[in-house]
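Tertiary structure, described
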Amino acid sequence: MTPIERRKEKYGYEIDGLWMPRVTAITSIVLTDHLLHYYARHRSFSDVRERLLNSARWGTRLHEAIANILRGEKCTEDPEIAPSLESFLQWKNEYKVKVLSPKDSIEKRVVDREFWYAGTVDVIAEINGVRGVLDIKTGNGIWETYSLQTAAYLRAYNLQEKKKCETRWILRVDQYRECLGCLAQKREKDGRASVRGGKRFCNHQWGPAVGATEFQRLDNEKEDVEAFLAAQELWEWCNRDWISRIPNHAKRA
Ligand SMILES: [Zn+2]
């Protein structure tokens with residue numbers, strides 16, 4: 001694979017003979033405070049990279065297990081992620097979540113054929129009777145870039161499908177152990193233990209791993225779509241050197 005081919009694969013999709021950037025590559029140019037702090041908290045760049053890779057693996061495991069549940073398949077028997085899955089199921093029942101046709105609703109590819117970007121939506125769901133785009137997150141917070149990401153998905157989905165989505169949501173599925181004494185929380189999703197809150201001088205006694213969910217509906221679609229398209233323009237400018245050498249790069253007419 002040539003360096004250009006590697007980049008094409010890493011940062012985009014080839015669809016019907018045309019190459020276009022992926023939504024999450026575009027939104028990654030927005031450097032949020034939490035990411036800066038995350039880098040600053042750790043010893044070295046390679047340490048952070050390894051942790052981020054571990055977090056991504058955790059996310060993939062959980063996404064696959066959740067997709068299986070939504071397809072009505074057998075629940076994954078993976079004790080390490082079981083607390084997260086249990087919380088997910090509780091949330092699913094509480095919010096009356098329906099996935100009408102799993103085949104077309106889970107990991108749904110969406111393409112904006114006007115501005116030429118593409119992405120993969122986790123789930124198209126009906127939640128409390130409202131149809132929308134749902135993105136599932138497994139990190140430690142709900143960050144602003146998710147507004148851009150899901151606005152791009154919603155726009156592209158509604159451009160390509162007859163049955164429209166009304167809104168977009170983020171569901172964050174978390175998992176941690178709590179100290180029985182000081183209530184500090186310990187997370188191990190990035191492969192190493194990190195402790196937040198509680199008392200500094202406590203001989204922590206960790207309880208069992210528990211899951212938790214945080215669910216948020218995102219509004220202001222128009223504003224977020226505009227910001228996303230601006231980010232796309234900036235992303236393409238930042239990467240213009242190699243993008244200009246892609247013969248089948250899809251461009252706005
Ligand atoms: Zn403690």
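So, here's what we can say about the structure. (Residues numbered from 1 in each chain as written. Predicted model: local features only at pLDDT ≥ 70, side-chain atom pairs only at ≥ 80, totals over all residues. Heavy atoms only, no water.)

Summing up its helical and strand segments, the protein has nine helices and 10 strands in all. Relative to a compact globule of 253 residues, whose C-alpha radius of gyration would be 18 Å, the protein shows 20 Å and is just as compact. Principal-axis analysis of the C-alpha atoms places the extent of the protein at approximately 65 × 45 × 35 Å. The 253 residues of the protein split such that 44% are buried. Restricting the contact set of the protein to residue pairs at least 6 apart, pairs at least 24 apart contribute 65%. Working note: accessible area of the protein is about 14,400 Å², and carbon and sulfur atoms make up 49% of it. Charge-centre separation for the protein: the mean point of 42 positive side chains lies 2 Å from the mean point of 37 negative side chains. (Helix = DSSP H or I, 4+ residues; strand = E, 2+ residues; numbered from the N terminus. Rg over C-alpha atoms; globule rule 2.2 N^0.38 Å. Buried < 20%, exposed > 50% of the residue type's maximum accessible area, 1.4 Å probe, protein only. Contact = heavy atoms within 4.5 Å. Areas by Shrake-Rupley, 256 points an atom, 1.4 Å probe, with all protein chains shown as cover. Lys, Arg positive; Asp, Glu negative; His and termini not counted. Charge placed at Lys NZ, Arg CZ, Asp CG, Glu CD.)

On the surface, Arg7, Lys10, Arg49 and Arg245 cluster together into a patch of positive charge. If you trace the backbone, arginine 7 turns up in helix 1 (residues 3-11). By relative accessible area, arginine 7 is classed as partly exposed at 37%. (Patch = residues over 30% accessible without salt bridge, like charges linked within 9 Å, V, L, I, M, F, W, Y side chains within 5 Å. Salt bridge = Lys/Arg side-chain N within 4 Å of Asp/Glu carboxyl O.)

This part is about the packing of aromatic side chains. By the definition in use, this model includes 11 aromatic pairs. The interplanar angle of 70° and the centroid separation of 5.8 Å between the aromatic rings of tryptophan 19 and tryptophan 242 together place this pair among those described as edge-to-face. One end of the pair, tryptophan 19, is in strand 2 (residues 18-21); the other, tryptophan 242, is in helix 9 (residues 240-243), and 223 residues separate them in sequence. Residue tryptophan 19 is classed as buried on the basis of its relative accessible area, which comes to 1%. Tryptophan 242 sits in the buried class, given a relative accessible area of 4%. Centroid distance tryptophan 91 to phenylalanine 215: 5.1 Å. Interplanar angle 65°. Geometry classified as edge-to-face. With tryptophan 91 in helix 5 (residues 82-94) and phenylalanine 215 in strand 10 (residues 206-218), this residue pair connects regions lying 124 residues apart in the sequence. Its relative accessible area of 24% is what places phenylalanine 215 among the partly exposed residues. (Phe/Tyr/Trp six-rings, centres within 6.5 Å; stacked < 30°, edge-to-face > 60°.)

Here the focus is the pairing of strand 6 (residues 130-137). Burial runs high along strand 6: seven of the eight residues are buried. Counting the residues in the hairpin turn of strand 5 (residues 117-127) and strand 6 gives two residues, including asparagine 128, whose phi is positive at 50°. Taken together, the six bridges between strand 6 and strand 7 (residues 167-179) define a ladder with parallel strand orientation. For isoleucine 136, the partnering residue across the bridge sits in strand 7 and is leucine 171. (Pairing = 2+ DSSP bridges.)

Formed by 26 residues in total, the largest nonpolar core has its most connected members in Tyr117, Val133, Phe228, Trp235 and Trp242. Put simply, the parts of the chain that give this core at least two residues each are helix 2 (23-27), strand 5, helix 7 (145-160), helix 8 (221-238) and helix 9. A total of seven residues in this core trace back to one element, the largest contributor, which is helix 7. (Core = buried A, V, L, I, M, F, W, Y, C linked by side-chain atoms within 4.5 Å.)

Moving on: a nonpolar patch on the surface. A contiguous nonpolar patch, built from Tyr39, Phe45 and Leu52 and spanning about 260 Å² of accessible area, is present on the exposed surface. Examined against the element boundaries, tyrosine 39 turns out to sit in helix 3 (residues 33-41). Since its relative accessible area comes to 31%, tyrosine 39 is described here as partly exposed.

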